[in-house]
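Survey of secondary and tertiary structure
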Amino acid sequence: MTGVPGSSTAASFTTAMSLKKMAKVPERFVLPPSHRPLIYKHLHNYHSTTSSLPVIDLVPIHDPSLRSRVIEDICNACKEFGFFQVINHGVSPSLMKDVVQACLEFFNLPIEEKLHLVSEDVNKPVRYGTSLNHVKDTIHFWRDFLKHYSNPLSKWIHSWPSNPPSYKEKMGYYAKAMHLLHIELLEAIFESLGLDPKYMRREIEDGSQVMAVNCYPACPEPEKALGMPPHSDYGCITILLQTCEGLEVKLDKEDKWVPVPMIEGALLVHLGDHMEILSNGVYKSVVHRVVVNAEMERLSIASLHSLALEKYIGPAAELVNEQNPKAYKESSFKDFLDHIGKNDIMQQRFIDTLKIDNP
Ligand SMILES: O=C(O)CCC(=O)C(=O)O
Ligand SMILES: [Fe+2]
């Protein structure tokens, strides 16, 4: 193993800035041909492919006479895609702009300032990883990231980066806004499953929130590398902000990758493995990946919401019956962290280890 984070010196790390100047992708990022992304923009049907992804306006959800229509749209989006975008979600555009700015300032700091946060320990409450970081000695991905625990804020905010000086304040407001929005979205998703909207309310309020901030530098040969490999998120839902296109979702029915269009001000909602388990498979977690581009740096801020670390989640009793026997074993966020600590995420999704074979 070379370049193990923590044992490396500053000189052995590549910054986003120096990656930008490269004419070719270094060998360690080059994917085997079967794993390389198709750059859909070259295809004539690019627009028709992307426009089929659902966009949900959240304004009518607060109107009792219109709410059921939105719930139905959410139900269809969850069943068909495990993914949707939301607009008019109530999070202020200036807050979104400010948090993106603070994150960009963090990634643009000199590498020495970020190195003390580097770790491969997935249990660390704050972790920075660079593009030289590797997944189990296999393939490198074209991104830097910063991850930290965010709920409850009072417990974690002190451990977040102190540079740039505005980071804690801006990210603090944003993380709080995501926590509130996720409760509102879960209420709607539970309602769409026929469950009480307040289902597991206490556990959800006390749940775990991880912010994953991803920075993908412009890449000289985007067709040879990926920013993030195919995966599903482990929690109940993820709310994601993107600064430009790059995310692709996998449509199981057609076995193809669909680029998620950039809608100014929208937030993206992914169903995670815990929602697949809780719904007893009525909804599926969405498999997604990130492609990179040659023109510009991309930033995404993912707010990942699950139950607390040690709490177990299983199929809702209301959704298990003779026709729909229990299809998943109970599991916790901690089980997931143990799984990714020991396995190559490219090889097996955590959810696959939890399925029960019913005759
Ligand atoms: O950058 C993106 O659009 C996706 C990020 C993501 O999938 C994740 O952080 O789990
Ligand atoms: Fe993800």
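This text goes with the structure placed above it.
Described in the following lines is the structure provided in the data block. Just so it is clear, the model here is predicted, and its values are computed rather than measured.

Thresholds applied
- Residue numbers restart at each chain and count upward from 1, following the sequence in its written direction.
- Note on labels: chains are lettered from A, ligands numbered from 1, in written order.
- Local features are withheld for residues below a pLDDT of 70 in this predicted model, meaning they are given only at 70 or higher, and side-chain atom pairs are given and counted only at 80 or more; totals for whole chains, interfaces and linings count all residues.
- As a rule here, side-chain values come from all non-hydrogen atoms in the structure, and water together with hydrogens is ignored.
- Only one rule defines a salt bridge in this text: a Lys or Arg side-chain nitrogen within 4 Å of an Asp or Glu carboxyl oxygen.
- Numbering of helices and strands starts at the N terminus; helices are DSSP runs of H or I of at least 4 residues and strands are runs of E of at least 2.
- In this scheme, a residue with accessible area under 20% of its type's maximum is buried, one over 50% is exposed, and one in between is partly exposed, where area comes from a 1.4 Å probe on protein chains only.
- Note on contacts: a residue pair is in contact if any heavy atoms of the two residues lie within 4.5 Å.
- Pairing of N or O atoms within 3.5 Å defines a polar contact, subject to two protein rules: one partner must be a possible hydrogen donor and the other a possible acceptor, and residues neighboring in sequence count only if both atoms are side-chain atoms.
- Angles shown run from 0 to 180 degrees and are taken between the N-to-C directions of axes, each axis being a line fitted to C-alpha atoms and, for helices, limited to the stretch in contact.
- Each angle receives one of four descriptions, namely roughly parallel if under 35 degrees, roughly antiparallel if over 145, roughly perpendicular if within 65 to 115, and oblique otherwise.
- Two helices crossing with the near one rotated counterclockwise from the far one by less than a right angle form a left-handed crossing, whereas a clockwise rotation gives a right-handed crossing.
- Classes in brief: Ala, Val, Leu, Ile, Met, Phe, Trp, Tyr, Cys and Pro nonpolar; Asp, Glu, Lys and Arg charged; the others, Gly included, polar.

Moving on: the pattern of salt bridges. Going through the model one piece at a time under the given rule, you end up with eleven salt bridges. The residue glutamate 191 makes a salt bridge to arginine 67 at a minimum N-O spacing of 2.7 Å. Of the two residues, glutamate 191 is situated in helix H7 (residues 167-192) and arginine 67 in helix H3 (residues 67-80); the sequence distance between them amounts to 124 residues. Among the residues examined, glutamate 191 registers a relative accessible area of 28% and is labelled partly exposed. Shared partners join several salt bridges into a network, and the residues in it are Glu187, Lys198, Arg201 and Glu205.

Turning to the environment of serine 279, a few remarks are in order. Relative to the helices and strands, serine 279 is located in the loop between helix H9 (273-278) and strand S11 (288-290). Contacts of serine 279, omitting those with residues within four sequence positions, involve Leu193 and Leu319. Engagement of the side chain of serine 279 in a polar contact is seen with the backbone oxygen of glutamate 276, the distance being 3.2 Å.

Glancing now at the packing of helix H4 (residues 93-107) against H7. Two quantities define a packed helix pair, namely the angle between the axes and the distance from one axis to the other. Running from N to C, H4 and H7 point in directions that differ by 135°, and their axes come no closer than 9 Å. In terms of their interaxial angle, H4 and H7 are classed as oblique. Considering only the axes of H4 and H7, their crossing is left-handed. From H4, Leu95, Met96, Asp98, Val99, Ala102 and Cys103 reach across to H7, where they touch Tyr167, Lys170, Met171, Tyr173, Tyr174 and Ala177. Residues of the contact of H4 with H7, tallied by class, amount to ten nonpolar, no polar and two charged.

These figures capture arrangement, not role.
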